[in-house]
Amino acid sequence: CPAAAKGGVKMNFSGTTISKATLYRRYPNRQVLLESLVTRRATDLTRTLRSEPTSKAEVRAQLHQYVVDLAGLLCTTTHQRYLLALADGAAAGLDFAGIWRRGPAQAHAELSRFLARAHRAGWLCCDDPDDAAELLLGMAVGLELVRSLYRVPLARHRLAERHAHAARVVDRFLSWYAAAPAAGC
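Please read all numbers here as calculations on a predicted model, not as lab measurements.

A. Focus on a nonpolar patch on the surface. Among the surface-exposed residues, L143, L145, V146, L149, Y150 and V152 lie close enough to one another that they form a single nonpolar patch of about 570 Å² accessible area. Among the structural elements, V152 can be located in the loop between α8 (129-149) and α9 (159-176). Judged by relative accessible area, which is 39%, V152 ranks as partly exposed.

If you want it as structure tokens, here you go:
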């Protein structure tokens, strides 16, 4: 890469080093780059929620995998770099609302749609899926998000820890939203 040969700044993503010049040929500015990153991460994260649940057990399994994946995302160096880029973005005049819509809001909306489908199928009693999705997300990220913001060690680096956390969170969540035919749900 010519920019790299001239001593240009290099960035490392997932083990691949590329120059800023190469990166900005594809993404004209930091705004577009971050929007693309959060869109891709939100899409990857919510992939497990796109299939139609066919049983209570499947609802649990899909939510469990979603929480495991979300907790895993917080542990990545990519997420740490993303937080740093957001912090730098205030001075660069980034449109945080646009980034929010393509990332966290998209992930919340997909989770909400999943919960609404599970409710309609009778697997959950969840008449306010937006609120329920927010509760589940809060339980899922908990202090891990705060720890990542402050750059202190995260509690769930190992996959087994993420699975145990997901089991606690999803089981508690499902106990609150259990479908009970006698209750009119």
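Continuing now.
B. How the structure looks around the pattern of salt bridges. Evaluation of the coordinates by the stated rule reveals 7 salt bridges. Where R158 meets E161, a salt bridge forms, and the shortest distance between an N and an O atom there is 3.0 Å. Exposure remark for E161: the relative accessible area of 24% places this residue in the partly exposed category. One connected set of salt bridges, linked through shared partners, spans R50, E110 and R113.

C. Spatial organisation of helix α3 (residues 30-45). Counted at 1.5 Å a residue, the expected span for α3 with its 16 residues is 22 Å, and the 22 Å between its end C-alpha atoms agrees. Every buried residue of α3 is accounted for by Q31, L33, L34, E35, L37, V38, A42 and L45.

Cut-offs applied
Residues numbered from 1 in each chain as written. Predicted model: local features only at pLDDT ≥ 70, side-chain atom pairs only at ≥ 80, totals over all residues. Heavy atoms only, no water. Patch = residues over 30% accessible without salt bridge, like charges linked within 9 Å, V, L, I, M, F, W, Y side chains within 5 Å. Areas by Shrake-Rupley, 256 points an atom, 1.4 Å probe, with all protein chains shown as cover. Salt bridge = Lys/Arg side-chain N within 4 Å of Asp/Glu carboxyl O. Helix = DSSP H or I, 4+ residues; strand = E, 2+ residues; numbered from the N terminus. Buried < 20%, exposed > 50% of the residue type's maximum accessible area, 1.4 Å probe, protein only. Expected span 1.5 Å × (residues − 1).

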